[in-house]
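As a plain string of letters, each chain reads:
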Amino acid sequence: MEPARAAEGLVPEAKSLRFWDRLGIKTKQAVWAWIFLALPIAFYVGIRFYPTAQAFWLSLTDWNLLRTPRFIGLENYAKMFADPVFWKVFQNTFLYLILGTPISLVLAFFIAWHLDRVRFMHGFIRALYFLPFLTTAAAMGWVWRWFYQPLPIGAINGFLSWLGLAQQPFLRSTTQALPAVLVPAIWAGLGFQIIIFLAGLRAIPQTYYEAARIDGLGEWAILRKITLPLLKPTTVFLVVFSSIGFLRIFDQVYNMTTNDPGGPLNATKPLVLMIYQTAFSSYQMGYAAAQTVILFTILLIVSLIQLYVMREKT
Amino acid sequence: MSAGLEASGRLIRPGRILAWTLLFIGGLIMATPLLYMFSTSLKTSGQVYDLRLIPADPTLKNYVEVLKDGRFLRWFLNSMLIATAVTLSNLIFDSLVGYTLAKFRFRGRALVFIAILSTLMIPTEMLVIPWYLMSSQFGWLDSYWGIMFPGMMSAFGAFLMKQFFETVPDDFLEAARVDGLSEFAIWWRIAMPMVAPALSALAIFSFLGNWTAFFWPLIVTTSRDLYTLPVGISSFSAESSIRWEMIMTGAALGTIPTLILFLLLQRYIVRGVMLAGLKG
């Protein structure tokens, strides 16, 4: 009886063992791969792909949180394209992009190029440039806002009056407000770009420079003929990375214009702030979803341009 | 450094001095907002109009007042908890995905990789409305989980980790397999320690990103007690709109933790940013 029982108990286990053992190494690997990927796939489907599809669907409805979404075709898009505020916002978003990206990248490259040759206090100077990257935009937005205040509070106007120059309205002016909001955004991102440029510069083999010097090339020629071409992958990465950042600007604008978000007179309002207000202040979820589809399209175009430029290079 | 550079370095040229001076001044300008923030946080409301950088009569009164209120501490702890939990989740799951995609051969691998990578193109702003709907259906609004769930895994992290796991030699993993280690143990005990620099880079990015995150926490939280530090600072500042010294104190309290972290881990942070930027 005893051995029989033992044998009985063994059989199913042995069978399953044999089944697992019979699988080839490749099949076993595949089984493990899918076990490891099960939870991540559920996450990416449930928290990324499904919501994306849902955003597209909602953009075709009149959903407003209260009643069930009703299909209205392209009405939201028609409404958006007929809305002058949308075009103002569209223009602002591109202003952030076409001012922010070139200014910050030229500055960052210039600083990194010089910083790369500096040995004395290199780490300390690098840290000074990098520190703003670690700050919270929600907090620093308020610091900059205070800087921009009129006298007697604002430090910048204080400095201007000390120099004997005229006072500036900054955030209260419809023309100066957007650049005034852009400055802290550039300020906060510059350190990251400098560090990436520094890494890119270090990756260029010294032998190239030595060969160029032996050939008698000047500093300017070396920069133009060796440094910049070899730095292209880094530059393309930073152009796309910071373009996407400027197209999605929100934290600075929201915190620097809280009493009239995106003001004065929508002069600083970017697309993301418009989306936020449409969705979570007026609860026009369907309309807001249509705006997010536009943002998605713009970002997609920027990414595709990157892919195209990178392919051309290799 | 090459001999050529050292030779030219010995000869101190005026151009070099000028470049160094300009870089230094530029660095000071970069630090000015932070310096003024700390300076003003040490002033009384009467001294705010005095624009001198060094306060005439520095006081910690503002800090005492802000911290006594208790809300800041709560927001600080919320942010700490959320950023830590999300970072741990990213370290585990992003590396699991990266490892599997780098080291396993199976049908559908390329498809999974491309699918995950393609989510990088989807902006958060597009997802917040469906996330909000999802959160309200599942009762996640105004909860820690509601703030955390969208960031539990990241395609950027998975991609970064895949790049690094590809540099781990297969022989090590095979040897462990022959020794009878389970696949799970091979990943956790053999492969993970070999990509420690990448893990620290990912940890820094993930923590910093979640510590400063503003958009989604602003949307998903409504009760003060659940605010993260950035959302808390923003609402606190909007309410005390005239009291600049208090606003600067709040902003300083939000900045001090990352500054301390930076001073302690400067080398790792800079290296991590470089690693992630070049590989990512």
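These numbers come from a predicted model, not from an experiment. (Residues numbered from 1 in each chain as written. Chains lettered and ligands numbered in written order. Predicted model: local features only at pLDDT ≥ 70, side-chain atom pairs only at ≥ 80, totals over all residues.)

Participant: Which parts of the structure should I look at to understand the overall build of chain B?
Facilitator: A count of helical and extended segments in chain B gives 14 helices and zero strands. The globule rule puts the C-alpha radius of gyration for 280 residues at 19 Å, and the 24 Å found for chain B is more than 25% above it. For chain B, the proportion of its 280 residues judged to be buried stands at 43%. Contacts in chain B between residues at least 24 apart in sequence constitute 74% of all its contacts with a sequence separation of at least 6. (Helix = DSSP H or I, 4+ residues; strand = E, 2+ residues; numbered from the N terminus. Rg over C-alpha atoms; globule rule 2.2 N^0.38 Å. Buried ≥ 20, exposed ≤ 12 C-beta atoms within 10 Å, placed from the backbone. Contact = placed C-beta atoms within 7 Å.)

Participant: Is there a simple way to explain the overall build of chain A in this structure?
Facilitator: When helices and strands are counted, chain A shows 14 helices and zero strands. Projected onto its principal axes, the C-alpha positions of chain A cover 105 × 70 × 40 Å. Relative to its 314 residues, chain A shows a buried fraction of 40%.

Participant: Is there a simple way to think about the interface of chain A and chain B in this case?
Facilitator: A common way to report how large an interface is uses the accessible area buried once the components associate. Listed by partner, the interface residues are 73 residues for chain A and 70 residues for chain B. If one sorts the elements of the side of chain A that touches chain B by residue count, helix α2 (residues 25-58) of chain A sits on top with 18 residues. When its residues are assigned to classes, the side of chain A that touches chain B shows 54 nonpolar, twelve polar and seven charged. (Nonpolar A, V, L, I, M, F, W, Y, C, P; charged D, E, K, R; others polar.)

Participant: Please explain helix α8 (residues 155-165) of chain B as it appears in this structure.
Facilitator: Because an α-helix packs 3.6 residues into every turn, residues spaced three or four apart end up facing the same way. Of all eleven residues in α8(B), nine are buried, a share of seventy percent or more. Taken together, the buried positions of α8(B) are B:A155, B:G157, B:A158, B:F159, B:L160, B:M161, B:K162, B:F164 and B:F165.

Participant: Sorry if this is basic, but what is going on with the nonpolar core here?
Facilitator: Judged by nonpolar contacts, the single largest core of 158 residues is most densely connected at A:V143, A:I194, B:I129, B:M161, B:A198 and B:A251. A per-element tally of this core places helix α8 (residues 177-202) of chain A first, with 16 residues. Look past the residues within four positions of B:A251 in its chain and what remains in contact with it is A:A139, A:M140, A:W142, A:V143, B:M37 and B:I233. (Core = buried A, V, L, I, M, F, W, Y, C linked by C-beta atoms within 7 Å.)

Participant: What should I look at first to understand helix α6 (residues 137-147) of chain A in this one?
Facilitator: Counting buried positions over the eleven residues of α6(A) gives eleven, a clear majority of the element. Residues of α6(A) that are buried: A:A137, A:A138, A:A139, A:M140, A:G141, A:W142, A:V143, A:W144, A:R145, A:W146 and A:F147.

Participant: Got a minute to help me understand the domain arrangement of chain B in this structure?
Facilitator: As assigned here, chain B comprises domain 1 (13-59) and domain 2 (70-279). When each unit is reduced to the centre of its C-alpha atoms, the spacing between domain 1 of chain B and domain 2 of chain B is 33 Å. (Domains from an automatic or database assignment.)

Participant: Help me understand the environment of A:L95 in this model?
Facilitator: All names here are of chain A. Position of L95 relative to the elements: it lies in helix α4 (residues 84-115). Owing to 17 C-beta atoms within 10 Å, L95 belongs among the partly exposed residues under this scheme. Separated by 151 residues in the primary sequence, L95 and F246 have C-alpha atoms spaced 9.1 Å apart.

Participant: Please explain the confidence of the model for chain B as it appears in this structure.
Facilitator: Any segment with low pLDDT has predicted coordinates that should not be analysed in fine detail. Residues and elements named next belong to chain B. For chain B, per-residue confidence averages 87 on the pLDDT scale, and residues scoring 70 or more make up 94% of the total. Summarising per-element confidence for chain B, the mean pLDDT is lowest in helix α1 (residues 3-10) (45) and highest in helix α7 (residues 144-148) (96). In this model residues 1-9 is a low-confidence stretch, pLDDT under 50, and it forms six contacts with partners more than four residues away in sequence or in other chains. (pLDDT = per-residue confidence, 0-100.)

Participant: Would you take a moment to explain the domain arrangement of chain A for this structure?
Facilitator: Here chain A is described as being made up of domain 1 (2-58) and domain 2 (78-313). The straight-line distance from the C-alpha centre of domain 1 of chain A to that of domain 2 of chain A is 46 Å.

Participant: I would appreciate a short explanation of the environment of B:R243 in the present structure.
Facilitator: All names here are of chain B. Structurally, R243 can be placed in the loop between α13 (229-239) and α14 (244-279). The exposure class assigned to R243 is partly exposed, which follows from the 16 C-beta atoms found within 10 Å. For R243 and T44, which are 199 residues apart along the polypeptide, the C-alpha to C-alpha distance reads 9.9 Å.

Participant: Whenever I open this one, the packing of α4(A) against α8(A) confuses me. Can you help?
Facilitator: The axes of two packed helices give the description: the angle between them and the distance between them. Residues and elements named next belong to chain A. Look at α4 against α8: their axes get within 7 Å of each other, and the N-to-C directions meet at 40°. One finds that α4 runs oblique with respect to α8. In terms of crossing hand, the pair formed by α4 and α8 is right-handed. Its residues assigned to classes, the contact of α4 with α8 shows 21 nonpolar, five polar and no charged. (Axes fitted to C-alpha atoms, helices over the stretch in contact; angles between N-to-C directions. Parallel < 35°, antiparallel > 145°, perpendicular 65-115°, else oblique. Left-handed = near helix turned anticlockwise from the far one by under 90°.)

Participant: Hey, could you run me through the environment of B:R52 in this one?
Facilitator: Its place among the elements puts B:R52 in the loop between α2 (14-41) and α3 (61-68). Here the alpha-carbon distance between B:R52 and B:T119, two residues 67 residues apart in the chain, equals 49 Å.

Participant: Looking at this structure, I do not really get the packing of helix α4 (residues 71-103) of chain B against α8(B). What am I missing?
Facilitator: All names here are of chain B. One can describe the packing of α4 onto α8 by two numbers: an axis separation of 7 Å at closest approach and a directional angle of 50°. Overall, the two elements α4 and α8 adopt an arrangement that is oblique. When you trace α4 past α8, the crossing you get is right-handed. For the pair formed by α4 and α8, the contact residues are N90, D94, S95, V97, G98, Y99, L101, A102 and K103 on the first element and G157, A158, M161, K162 and F165 on the second.

Participant: Please clarify how the confidence of the model for chain A should be interpreted in this entry.
Facilitator: Per-chain confidence: chain A averages 88 in pLDDT, with 94% of residues scoring 70 or above. In the predicted structure, residues 1-11 of chain A sits below a pLDDT of 50 and forms zero contacts with residues beyond four places in sequence or in another chain.

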